Amino acid sequence: MDDTTSSTTLPEGGWSSLPGDLLKTILDLLPWSSHPRFAATCKHWRSAVSPFYPTWLTPLLLNTVDVGTTCICYYSPYYHKNLKVSETLQTPDAKLCCANGHRLTLCQEVDTELTVVDVNLVTGDIYDLYSVDRTGFDFVIYDGSKRMFGVDVLAALQIARAIEDDGGGWYRWEFSEFKFVDKLELDVSPMTNPVLHRGLLYLLGVDGRLAVYDGSRLEEGFKVLEMPKSFGFKCDDHYLFESDEGDLMAVLMGCRGSPVHVIKLNEQRMEWEEVESLEGRALFTGTLTTTTVKTSVEWMQNKIFTPRLYDWPEMIEVDLVDREGELAFVPVSATAVMQHGGVSGTGIWTCGLGPQEAREFWETIKVDYSIWVDFSNSKLA
């Protein structure tokens, strides 16, 4: 009987000899997370893998530079590189307000008119909320699900709400009544946005007091809570946030970054309690958005990161590319060389919890006009 042979004929040398153009075509069809495994197959396959920077490894520090329009760069604390996207936002002189997933909220002021701008950082789509005849809100926050809030805190507490319609536009702002607040009762922290937590919006005072707003009773505005009464620590900067486990927390930073305390609200006793460990998380703070993430990068675990750099990183021009639900930055230049990052994090200021971990900001460069954004939900499970 004759031998049966396969109808598929491989080139001499087998799969390792597939043409480079064919390998690149295959790569274009694969999600970004599969590329490292593809590259590990053999030297020839590795040569077909182009450089790319995943967005899901850590939160990224978005910073803007106004040159007629708003140019956007993303600083990666893992790679210690600035990744400048080729697209620009047509929102010159806009103020960063908050970031929620792929959405960035800005305020653009022209004369006495304020326009709130909602931007999808992946698609580049820009949605303008109608102009408001006022000089500006002190805080603006987007809840990630069709609601946006503008908050005034100087001399009086007032909140405004806008709701997104099904077509991507916005209904007009609805305002609560002005509520004059004794500064001795609540002196609002200028360093942190209000935070949505379990359906309520919380506003942080510099002494640890909280004000809360219930969206079902817009006309009542904020209510200052009787508890908690204080942090229990003296500090210069205060950053309120909701953790990845749904706890209301705050970061307290002393002069030049030392000491640093992380505290959690005990909602049964309504008291702040100090957190002794981040339990393997990395905490990114120092901007109007603070976030915590679980990380597998060992040197980033149990560390606190702020937008202060020891040296200015290399700038790489990139495109933000969505491939099967995964986002990555792809260098525009074909000559770009991928470098593995994350050796020790010496490029950005970090610290741990505890007196022995305290580090000051000495000899660092503050990244102005910056905000932490988290694209981690773009990586499909």
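Residues numbered from 1 in each chain as written. Predicted model: local features only at pLDDT ≥ 70, side-chain atom pairs only at ≥ 80, totals over all residues. Heavy atoms only, no water.

### Comments concerning the overall build of the protein
Okay, so step 1: Helices and strands together make up the secondary structure of the protein, namely three helices and 30 strands.
Okay, so step 2: Split into buried and exposed, the 381 residues of the protein put 51% on the buried side.
Okay, so step 3: Taking as baseline every contact in the protein between residues at least 6 positions apart, the subset at least 24 positions apart corresponds to 53%.
Okay, so step 4: For the protein, the computed accessible surface area is about 19100 Å², with 50% contributed by carbon and sulfur atoms. (Helix = DSSP H or I, 4+ residues; strand = E, 2+ residues; numbered from the N terminus. Buried < 20%, exposed > 50% of the residue type's maximum accessible area, 1.4 Å probe, protein only. Contact = heavy atoms within 4.5 Å. Areas by Shrake-Rupley, 256 points an atom, 1.4 Å probe, with all protein chains shown as cover.)

### Quick word on the environment of Met253
Okay, so step 1: Tracing the chain through its elements places Met253 in strand β20 (residues 248-253).
Okay, so step 2: Discounting residues that sit within four places of it in the chain, Met253 has contacts with Cys235, Asp236, Asp237, Tyr239, Pro259, Val260, Thr285, Thr306, Trp349 and Phe361.

### Examining the nonpolar core
Okay, so step 1: Counting residues in hydrophobic clusters, the biggest one holds 38 residues, and the most contacted among them are Leu62, Tyr74, Leu104, Leu121, Phe305, Phe329 and Val373.
Okay, so step 2: Val373 has contacts with Pro59, Leu60, Leu62, Tyr74, Ala99 and Leu121, leaving out every residue within four places of it along the chain.
Okay, so step 3: The next biggest cluster of nonpolar side chains, apart from the first, holds 31 residues, and it includes Cys107, Met148, Leu186 and Val188. (Core = buried A, V, L, I, M, F, W, Y, C linked by side-chain atoms within 4.5 Å.)

### Structural notes on unusual backbone geometry
Okay, so step 1: With omega at 0 degrees, the peptide bond leading from Met227 into Pro228 counts as cis.
Okay, so step 2: As for its placement among the helices and strands, Pro228 is situated in the loop between β18 (222-224) and β19 (237-242).
Okay, so step 3: A cis amide bond links Ser258 to the next residue, Pro259, at an omega of -5 degrees.
Okay, so step 4: Here Pro259 shows up in the loop between β20 and β21 (260-266).
Okay, so step 5: The phi torsion at His80 lies on the positive side, around 50 degrees, for a residue other than glycine.
Okay, so step 6: Mapped onto the fold, His80 is located in the loop between β3 (69-76) and β4 (81-89).

### Section: the sheet that holds β20
Okay, so step 1: In space, the four strands of this open sheet follow the order β19-β20-β21-β22, with antiparallel pairing throughout. This sheet does not close on itself; its edge strands, each paired only once, are β19 and β22 (271-274). Strand-to-strand twist in this sheet, taken as the mean axis angle between neighbours without regard to direction, amounts to 30 degrees.
Okay, so step 2: Examined bridge by bridge, β20 and β21 share five bridges and lie antiparallel to one another. Across the sheet, residue Val251 finds its bridge partner in β21, namely Val262. (Pairing = 2+ DSSP bridges. Axes fitted to C-alpha atoms, helices over the stretch in contact; angles between N-to-C directions.)

### Looking at the packing of aromatic side chains
Okay, so step 1: Applying the stated criterion to the full structure yields 14 aromatic pairs.
Okay, so step 2: Ring plane angle 15 degrees and centroid distance 4.9 Å describe the contact between Phe284 and Phe305, whose orientation is recorded as stacked. Taken together, the residues Phe284 in strand β23 (residues 281-284) and Phe305 in strand β25 (residues 303-309) connect sequence positions 21 residues apart.
Okay, so step 3: Owing to a relative accessible area of 0%, Phe284 belongs among the buried residues under this scheme.
Okay, so step 4: We classify Phe305 as buried; its relative accessible area is 0%.
Okay, so step 5: Centre to centre, the rings of Trp349 and Phe361 are 4.9 Å apart; their planes meet at 75 degrees, and the pair counts as edge-to-face. Pair noted here: Trp349 is in strand β28 (residues 348-351) and Phe361 is in the loop between β28 and β29 (365-366), with a separation of twelve residues, a long-range link.
Okay, so step 6: Residue Phe361 is classed as buried on the basis of its relative accessible area, which comes to 13%.
Okay, so step 7: Directly above the ring of Phe361 sits Arg308, whose terminal nitrogen or CZ lies 4.2 Å from the centroid. (Phe/Tyr/Trp six-rings, centres within 6.5 Å; stacked < 30°, edge-to-face > 60°. Lys NZ or Arg CZ within 6 Å of the ring centre and 35° of its normal.)

### Section: the side chain of Thr192
Okay, so step 1: Position of Thr192 relative to the elements: it lies in the loop between β14 (179-180) and β15 (195-197).
Okay, so step 2: Judged by its relative accessible area of 3%, Thr192 is buried.
Okay, so step 3: Within the local environment of Thr192, its side chain forms a polar contact with the backbone nitrogen of Leu240, the two atoms lying 3.0 Å apart.
Okay, so step 4: With residues near it in sequence (within four places) discarded, Thr192 still touches Phe139, Leu204, His238, Tyr239, Leu240 and Leu288. (Polar contact = N/O pair within 3.5 Å; in protein donor to acceptor, adjacent residues only side chain to side chain.)

### Here's the deal with the pairing of strand β27 (residues 326-331)
Okay, so step 1: In terms of residue burial, β27 counts as a mostly covered element, since six of its six residues are buried.
Okay, so step 2: Residues of β27 alternate between two faces, with Glu326, Ala328 and Val330 on one and Leu327, Phe329 and Pro331 on the opposite face, all of them buried.
Okay, so step 3: Bridge count for strand β1 (residues 53-54) against β27 is two bridges, and the pairing is antiparallel. Residue pairing across strands places Pro54 opposite Ala328, the latter belonging to β27.
Okay, so step 4: Bridge analysis of strand β26 (residues 314-323) against β27 gives six bridges, and the strand direction is antiparallel. In the sheet register, Val321 faces β27, and the bridge partner there is Ala328.
Okay, so step 5: In textbook terms, the turn of a hairpin is the stretch between consecutive antiparallel strands, and for β26 and β27 this stretch comprises two residues, one of which, Glu324, has a positive phi near 50 degrees.

### Some details on the environment of Ala211
Okay, so step 1: Tracing the backbone through its elements, the reader meets Ala211 in strand β17 (residues 210-214).
Okay, so step 2: C-alpha separation for the pair Ala211 and Leu225, spaced 14 residues apart in sequence, amounts to 5.7 Å.
Okay, so step 3: Setting aside residues up to four positions removed in sequence, Ala211 forms contacts with Leu186, Leu201, Tyr202, Leu203, Phe222, Lys223 and Val224.

### As for the pattern of salt bridges
Okay, so step 1: Applying the stated rule across the entire model yields 14 salt bridges.
Okay, so step 2: Put simply, Glu314 and Lys81 hold a salt bridge, and the shortest N to O gap is 2.9 Å. One end of the pair, Glu314, is in strand β26; the other, Lys81, is in strand β4, with 233 residues separating them in the sequence.
Okay, so step 3: Measuring nitrogen to oxygen at the nearest pair gives 3.3 Å for the salt bridge that ties Glu220 to Arg217.
Okay, so step 4: By sharing partners, the salt bridges in this structure join Asp244, Glu245, Glu279 and Arg281 into a single network. (Salt bridge = Lys/Arg side-chain N within 4 Å of Asp/Glu carboxyl O.)

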